[in-house]
Amino acid sequence: MYVNIEFLDTEPMENVITALHYNIDKTIFIGFHDVVEAYKDRTQFFLNKYCDVETIKFVEVPENDLQAILAAISTEVNNEKKAGNTVFFDITGGEGLILMAFGMLAKDYNLPIHQFDVETDEMKEFKLGDAKLISQYDIKREHKVKLTLDSYIRMWGAQINRKPEDNKDKLPIHDKKYMEVVEELMLILDNCGADWNKFTAGMGRDFKAEGLDVDVTANPNEMYKWETFKEFLRKLNHAGAIYGYEAKDVQGGERVKFHYPSWDMKRTILKSGNIFELQVYQAKKKKEGSQDCDMGVKIDWDGNVNAGGVYNEIDVLGLNGNILTFVSCKGGNMDGNASLEPMYQIDAIASRFGGKYARKILATRERVKGVYAERAEAMKIKLECY
């Protein structure tokens, strides 16, 4: 049996990264009481479900008593050696007295030490004497356990809500035909600039329809940039976002007719922020090569989507290697304090579900300037203007 002994950290990735790469039979966590209480269940769940670690044990030690820490780890090592098991020391995330204890005991027991760099996913190995390193055993996985957004969030004790009834407004981003039209809409968005929001708001307000068919008589004198607006509708029609567009003079104004190809496309157009979120989603998925990427992600804090409770929605969530990227999309005016609220929101959510390794991005249509840009830098939030 191969046994990994390590420090239980408050950064979940540091607790599981060895098991992602190696077939470990048993993991023994040495940790402080409060951390064990908070992280025991979620860590055990993840290692059992996603890494097939058969046995997991948690050993509590005092925070400021080196001798007690040494004694606790020594007991575990002796028990495993008596059972004929192979023991490794994992110091990923270790610090202070715990780190010192592992170093001292590695020498006493002639055991190898290894440590992962979470961001680069690279491992360093150390040995005192002739200890056989973990990489020299035939237990390295042929393929690292593949992380997904769902498993990563599970690692934090939370859960992504995928229930259809709670995701009725989720756009069909995996539908090829739909996304081809979206690509055309992005070009229209770039050409329209600020007029996109005004035109789509006008469609929802002045071209209101219960279903997918629109047939209204508009007064050009009351409409925003009427001739430009009609050109906008012609572009939507050409892109396939609407069909059958026509406008002709009638008594009292101009009669405009068209229909939406689907409810999804209608929502995509009428909710002004949707197309911008789709643009950012596409950028994160394509340009950065995310292994998993999604938009409109609902995260249930307590990990039980059937029990209700607190949840947050992330505009765009991407996973690259071991790192989650949280993106908040704001397509409106960024003057004054408009950028502060999304900054604080994404900072809080990323800290809760991504920890110190999380990347935070505020994506905007208008550039964030001055003290607000400085505030973003202080909060380690990257500003991206599209």
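A brief structural summary. Treat the numbers as computed from the prediction; the structure is a model and nothing was measured.

## Topic: the overall build of the protein
Okay, step 1: The helix and strand tally for the protein stands at 12 helices and 15 strands.
Okay, step 2: Taking 21 Å as the expected radius of gyration for a compact globule of 386 residues, we find that the protein reaches 27 Å, considerably beyond that expectation.
Okay, step 3: Reported as C-alpha extents along the three principal axes, the dimensions of the protein are approximately 95 × 40 × 35 Å.
Okay, step 4: Counting across all 386 residues of the protein, residues that qualify as buried make up 50%.
Okay, step 5: For the protein, restricting intrachain contacts to residue pairs at least 6 apart in sequence, the fraction spanning at least 24 positions comes to 65%.
Okay, step 6: Accessible surface, the protein: about 18700 Å² in total, of which carbon and sulfur atoms supply 46%.

## Details of the sheet that holds strand 7 (residues 159-160)
Okay, step 1: Taking strand neighbours across the sheet as the criterion, the six strands line up as 7-11-12-13-14-15 in an open arrangement whose pairing is mixed. This sheet does not close on itself; its edge strands, each paired only once, are strand 7 and strand 15 (381-385).
Okay, step 2: For strand 7 and strand 11 (residues 292-300), the ladder comprises two bridges, and the chain directions are antiparallel. Looking across to strand 11, one finds that Gln159 is bridged to Asp300.
Okay, step 3: Contacts from helix 10 (residues 272-286) reach strand 11, strand 12 (311-320), strand 13 (323-330), strand 14 (359-364) and strand 15, with the element oriented near 120 degrees to strand 11.

## Considering the sheet that holds strand 9 (residues 243-250)
Okay, step 1: What the three strands build is an open sheet, ordered 8-10-9; its pairing is antiparallel. Only two strands of the sheet have a single neighbouring strand rather than two, namely strand 8 (213-218) and strand 9. In this sheet, neighbouring strand axes are inclined to one another by 10 degrees on average, regardless of whether the strands run parallel or antiparallel.
Okay, step 2: Here strand 9 runs beside strand 10 (residues 253-259); their pairing, made up of six bridges, is antiparallel. Among the inter-strand pairings, Tyr243 is bridged to a residue of strand 10, identified as His259.
Okay, step 3: Against the sheet, helix 8 (residues 226-239) touches strand 8, strand 9 and strand 10, its axis set at about 155 degrees to strand 9.

## Things to note about the environment of His143
Okay, step 1: Mapping His143 onto the fold places it in the loop between strand 6 (122-126) and helix 5 (149-155).
Okay, step 2: Take His143: its relative accessible area is 62%, and that puts it in the exposed class.
Okay, step 3: Taking the C-alpha atoms as reference points, His143 and Leu278, 135 residues apart in sequence, are found 32 Å from one another.

## Details of the pattern of salt bridges
Okay, step 1: According to the stated counting rule, one finds 23 salt bridges in the structure shown.
Okay, step 2: Note that Lys26 and Glu80 form a salt bridge whose closest N and O atoms lie 2.7 Å from each other. Taken together, the residues Lys26 in strand 2 (residues 26-31) and Glu80 in helix 3 (residues 66-82) connect sequence positions 54 residues apart. With respect to burial, Lys26 and Glu80 carry one shared label: buried.
Okay, step 3: Of the charged contacts, one joins Lys298 and Asp169 as a salt bridge, the two residues approaching to 3.6 Å between their closest N and O atoms. Residue Lys298 is located in strand 11, and its partner Asp169 is located in the loop between strand 7 and helix 6 (176-192); the two are separated by 129 residues in the primary sequence.
Okay, step 4: Judged by its relative accessible area of 7%, Lys298 is buried.
Okay, step 5: Each of the salt bridges in this network shares a partner with another, and the network as a whole consists of Asp150, Arg162, Lys170 and Asp294.

## Some thoughts on the pairing of strand 2
Regular strands show a simple pattern: their side chains alternate between the two faces of the sheet.
Okay, step 1: With six of six residues buried, strand 2 is to be regarded as a mostly interior element.
Okay, step 2: Of the crossover connections in this fold, the one passing from strand 1 (residues 2-7) over helix 1 (residues 12-21) to the parallel strand 2 is right-handed.

## Some words on the state of the cysteines
Okay, step 1: One pass over the full model with this rule turns up zero disulfides.
Okay, step 2: Not engaged in a disulfide, the cysteine Cys192 finds its nearest cysteine sulfur in Cys385; these two sulfurs lie 16 Å apart.
Okay, step 3: Residue classification places Cys192 among the buried residues on the basis of a relative accessible area of 16%.
Okay, step 4: In this structure Cys329 is not part of a disulfide, and its nearest cysteine sulfur, from Cys293, lies 10 Å away.

## Side note on the environment of Lys298
Okay, step 1: Between the C-alpha atom of Lys298 and that of Phe88, which follows or precedes it by 210 residues, the distance is 38 Å.
Okay, step 2: Those residues in contact with Lys298 that lie beyond four places of it in its chain are Gln159, Ile160, Asn161, Asp166, Asn167, Asp169, Tyr311, Asn312 and Glu313.
Okay, step 3: In terms of polar contacts, Lys298 uses its side chain to reach the backbone carbonyl oxygen of Asp166, at 3.4 Å.

## A closer look at the side chain of Lys26
Okay, step 1: For Lys26, a relative accessible area of 14% translates into the label buried.
Okay, step 2: Among the polar contacts made by the side chain of Lys26, one reaches the side chain of Glu80 at a distance of 2.7 Å.
Okay, step 3: With near-sequence residues (within four places) excluded, Lys26 lies in contact with Met1, Tyr2, Val3, Asn4, Val53, Thr55 and Glu80.

## Some words on the packing of aromatic side chains
Okay, step 1: For the structure on display, the rule yields 19 aromatic pairs.
Okay, step 2: Aromatic side chains Phe45 and Tyr50 sit 6.5 Å apart centroid to centroid with 75 degrees between the ring planes, which places their arrangement in the edge-to-face category.
Okay, step 3: Accessibility expressed as a relative area gives 34% for Phe45, which makes it partly exposed.
Okay, step 4: By relative accessible area, Tyr50 is classed as partly exposed at 24%.
Okay, step 5: Ring centres of Phe207 and Phe229 lie 5.5 Å apart, and the angle between their planes is 10 degrees; on these two criteria the pair is classed as stacked. In this pair, Phe207 is assigned in the loop between helix 7 (195-206) and strand 8 and Phe229 in helix 8, connecting sequence segments 22 residues apart.
Okay, step 6: Among the aromatic residues, those joined into a ring-pair cluster are Trp196, Phe199, Phe207, Tyr224, Trp226, Phe229, Phe232, Phe258 and Tyr260.
Okay, step 7: The ring centre of Tyr50 lies 5.6 Å from the NZ or CZ of Lys49, which sits over that ring.
Okay, step 8: Taking the ring centre of Tyr137 as reference, the NZ or CZ of Lys132 above it sits at 4.3 Å.

What counts as what
Residues numbered from 1 in each chain as written. Predicted model: local features only at pLDDT ≥ 70, side-chain atom pairs only at ≥ 80, totals over all residues. Heavy atoms only, no water. Helix = DSSP H or I, 4+ residues; strand = E, 2+ residues; numbered from the N terminus. Rg over C-alpha atoms; globule rule 2.2 N^0.38 Å. Buried < 20%, exposed > 50% of the residue type's maximum accessible area, 1.4 Å probe, protein only. Contact = heavy atoms within 4.5 Å. Areas by Shrake-Rupley, 256 points an atom, 1.4 Å probe, with all protein chains shown as cover. Pairing = 2+ DSSP bridges. Axes fitted to C-alpha atoms, helices over the stretch in contact; angles between N-to-C directions. Salt bridge = Lys/Arg side-chain N within 4 Å of Asp/Glu carboxyl O. Right-handed = clockwise from strand over helix to strand, strands pointing away. Disulfide = S-S within 2.5 Å. Polar contact = N/O pair within 3.5 Å; in protein donor to acceptor, adjacent residues only side chain to side chain. Phe/Tyr/Trp six-rings, centres within 6.5 Å; stacked < 30°, edge-to-face > 60°. Lys NZ or Arg CZ within 6 Å of the ring centre and 35° of its normal.

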